[in-house]
Protein chains: 2
Amino acid sequence: MIMRTSWVASRKGQSNVSQMYFARREVITEEMSFVAKKENLPESLIMEEVARGRMIIPANINHLNLEPMAIGIASSCKVNANIGASPNASDVNEELKKLHLAVKYGADTVMDLSTGGVNLDEVRTAIIQASPVPIGTVPVYQALESVHGSIEKLSEEDFLHIIEKHCQQGVDYQTIHAGLLIEHLPKVKGRLTGIVSRGGGILAQWMLYHHKQNPLFTRFDDICEIFKRYDCSFSLGDSLRPGCLHDASDEAQLAELKTLGELTQRAWKHDVQVMVEGPGHVPMDQIEFNVRKQMEDCLEAPFYVLGPLVTDIAPGYDHITSAIGAAMAGWYGTAMLCYVTPKEHLGLPNPEDVREGLIAYKIAAHAADIARHRSGARDRDDELSRARYAFDWNKQFELSLDPERAREYHDETLPADIYKQAEFCSMCGPKHCPMQTKITDKDLENLESILSSKGAKEINTMKLDKEV
Amino acid sequence: MIMRTSWVASRKGQSNVSQMYFARREVITEEMSFVAKKENLPESLIMEEVARGRMIIPANINHLNLEPMAIGIASSCKVNANIGASPNASDVNEELKKLHLAVKYGADTVMDLSTGGVNLDEVRTAIIQASPVPIGTVPVYQALESVHGSIEKLSEEDFLHIIEKHCQQGVDYQTIHAGLLIEHLPKVKGRLTGIVSRGGGILAQWMLYHHKQNPLFTRFDDICEIFKRYDCSFSLGDSLRPGCLHDASDEAQLAELKTLGELTQRAWKHDVQVMVEGPGHVPMDQIEFNVRKQMEDCLEAPFYVLGPLVTDIAPGYDHITSAIGAAMAGWYGTAMLCYVTPKEHLGLPNPEDVREGLIAYKIAAHAADIARHRSGARDRDDELSRARYAFDWNKQFELSLDPERAREYHDETLPADIYKQAEFCSMCGPKHCPMQTKITDKDLENLESILSSKGAKEINTMKLDKEV
């Protein structure tokens, strides 16, 4: 039997089944216990953090094969991988392949951002059924598709209908673009790249056409009512995130962030779990400000950022431009990093891009854990360094984030088995590897006694204070 | 005629031909003028910074086809690419190919770190003759080779002989491991990976064998005398840089740094140009400390760091682990970033690795320029963002750090020419690209007048303060 089947059995039919609801009533759920073990943290801490809203456990009661995980500053930094078909590329098998790759390379959650070219419901349910990690979605795309792309016909009820459908299918968190208000739109003037959130763009068009407030905002309480019955978590979308360095940290972005903070508190009144999405494209010197501002405005609800990219001039390498920003954001306290692949801005990622993007982000998240001094974060680094110094190549590969890649690169020049015991690689060749300079403690003790008997004067024959 | 032939003609035979020597006598050399134009900075500033030692222009008078460049906090952040053959791989043609690739992808300087498998002098002179950028070397390798690898036979004079040979051949800067003192060696105890500098390891072995002080330290004045006749610059080597996160910022590293500061001042007494090498492997939260400490101990002589890598667990991706650290180091004020390729720790980089490593570091250096608010640094980003928003794909590619890669990735799914004008790529498909949401100023003015006539109450139908 699937682990969670019995866990959720007794909860079904309750009016609120959210982890936050239970935590606030001092109930430690099976999900909290599971997460506590995974994170090596006390169950009580997990419960308190979830109750406080500083940690979420996205775990839809209809996603039974889920292995629960936590997103929050008290736990390790997490990584999300976006997959999904577009009208120009991919199908359900390709997407399942991407899912498996994402999980293999350590994605903590996966978002299915399919926009078309496939049966969206079929792809989504296939992904949920196959996924041990939480699945996130952006319901706005399908809402628009359900009225054949007509902004005119798209109604408040259409949004709610699709949101509930995703909940029923077992989606663990949904990006809800409720913070983009009609009064924010004029603030976009003067931007270089306007609105770059797909969902946000749809809402903006809707508001401009209907001259009405954002339906996801006006119906926010209704969405909370739906979410609490499934324990679907909010990922409050940042429709006005900057699409380039020029637009970073501007009035539009910060106005929406303020609303996201108000919505966070509103959801918490319903005992519904919330994380908040963030940018995007941000110069390095503005990243700390962005993280601190989110913590302040959103009362430390977990921050979930996309990158940020620290320069706009490297399409083809945006997994790198953004891993730099992501690592820093994680260090400053961001809870989850949404990966960016090398194909960003250029095309739909293929499975190899998923791999490249994920490893870049596992690096960023891990570096953040180390810099935040999270308990035990550096252990694997130390173990790998010991293996490296001992020339234990196979162990070095095993401890790597991508063992196949490490082995492949090593073997490119020295494929023979014998080189797996060699005290060198082709970088420096057999005589010049600095790791061969094994100075033993005995060597050093010997040296120390010589130094103390000879005295510094005899040894140190250069006087830095003599005249030139 | 080659540009520099006439520039250096009158200097030949002078006892000191260094840029610092001239700058301190308020002479603006042709090299300083050239650099001023390149950096879009006043000539007088270049002269003052060189005189102060805060900027170097590595420009050996025997490297005639050099296009001079500057390394220092007042100028843009620079990137170095290491190339070189090892006994297990490569030859002179392969190395020239790497040189051309490095220059093509924007290397500001190139180091030839050949350790064997080729005629070292032949490769070095071929590289210098073919290179418009400064060439750096590490003379210790060849010094050891000149006595057939025998530490016992290696004499002080052997070091000086090779150092002068490199100067004669036109090497613009040499890594001189003079800061590693015999009394520093016992401080290495307790490290996980000991000494990881190739040159430093050789010096350590020499001192342990001979029980004498580091000859590059005791003969430092003599090296200055050689350098000033060619205007070869010091790159003071950090033999005790950490080889893993565990060893970062330890007593050994900081003791050597202090000596490097003393040697910096010593070289300046000779009017010889100096930059100082730095780590290595450093957790993110220690990078700022490392940069500030170097500035303090070395009186703001330009800092030249290798990475640093911010985690040890990603062999195969160390261009990324280190680009994160490099970008941050650059932001904090590091003058030049030494690239790391995906093959680091695994094998000798091939031309494709050179490309990957360089682009990662061009990203890091550029992001640093932006974060430091260097004048005009963001212009190219803004231009690319405008092209992106206008769906001008070709211009977007042209403005990229690697146009071929950007085009290749785009064309992977949409190769036909017609898609170069398309208002979408395969990422979102024809209907969902957020950049299509072009909200015009007119739309927004229209909206503003509606908002002011309707009033906020009518529009904003959700009250966040109502009871749940």
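What you see is a predicted model; the values in this text were computed from it and never measured. (Residues numbered from 1 in each chain as written. Chains lettered and ligands numbered in written order. Predicted model: local features only at pLDDT ≥ 70, side-chain atom pairs only at ≥ 80, totals over all residues. Heavy atoms only, no water.)

Before going further, it helps to spend a moment on the pairing of strand β9 (residues 303-306) of chain B. Residues and elements named next belong to chain B. Judged by which residues are buried, β9 turns out to be covered on both faces: Phe-303 and Val-305 on one side and Tyr-304 and Leu-306 on the other are all buried. Sheet topology places strand β8 (residues 274-278) next to β9; three bridges connect them, and they run parallel. By the bridge assignment, Glu-277 is partnered in β9 with Tyr-304. Taken together, β8, helix α13 (residues 287-297) and β9 constitute a β-α-β crossover, and its handedness is right-handed. Two elements, β9 and strand β10 (residues 336-338), share three bridges in a ladder whose sense is parallel. Bridged to Val-305 within β10 is Leu-337. (Buried < 20%, exposed > 50% of the residue type's maximum accessible area, 1.4 Å probe, protein only. Helix = DSSP H or I, 4+ residues; strand = E, 2+ residues; numbered from the N terminus. Pairing = 2+ DSSP bridges. Right-handed = clockwise from strand over helix to strand, strands pointing away.)

Under the feature "binding site: [4Fe-4S] cluster", the UniProt entry names Cys-425, Cys-428 and Cys-433 of chain A. With respect to the helices and strands, the residue Cys-425 of chain A is situated in the loop between α18 (403-413) and α19 (441-454). Classification of Cys-425 of chain A by relative accessible area gives buried; the value is 8%. Not counting chain neighbours up to four residues away, the residues in contact with Cys-425 of chain A comprise Trp-393, His-410 and Leu-414 of chain A together with Asn-88, His-345, Leu-346 and Gly-347 of chain B. Cys-433 of chain A sits in the buried class, given a relative accessible area of 13%. (UniProt positions renumbered as here; feature names shortened; annotations may be inferred. Contact = heavy atoms within 4.5 Å.)

In the UniProt entry, the feature "binding site: Zn(2+)" is given for His-281 and His-345 of chain A. Taking the farthest pair of C-alpha atoms as the criterion, the annotated set spanning 65 residues converges on one region, since that pair is 12.4 Å apart. With respect to the helices and strands, the residue His-281 of chain A is situated in the loop between β8 (274-278) and α13 (287-297). Judged by relative accessible area, His-281 of chain A falls into the buried class, the value being 7%. Excluding residues within four positions of it along the chain, His-281 of chain A makes contact with Pro-242, Gly-243, Cys-244, Leu-245, Ala-248, Pro-308, Leu-309, Asp-312 and His-345 of chain A together with Arg-388 of chain B. There is a polar contact of 3.3 Å between the side chain of His-281 of chain A and the backbone oxygen of Gly-243 of chain A. Along the chain, the position of His-345 of chain A falls in the loop between β10 (336-338) and α15 (351-371). Overall, His-345 of chain A belongs to the buried group, its relative accessible area being 15%. Ignoring any residue separated from it by four or fewer positions in sequence, one finds His-345 of chain A in contact with His-281, Leu-309 and Asp-318 of chain A together with Arg-388, Trp-393, Gln-396 and Cys-425 of chain B. (Polar contact = N/O pair within 3.5 Å; in protein donor to acceptor, adjacent residues only side chain to side chain.)

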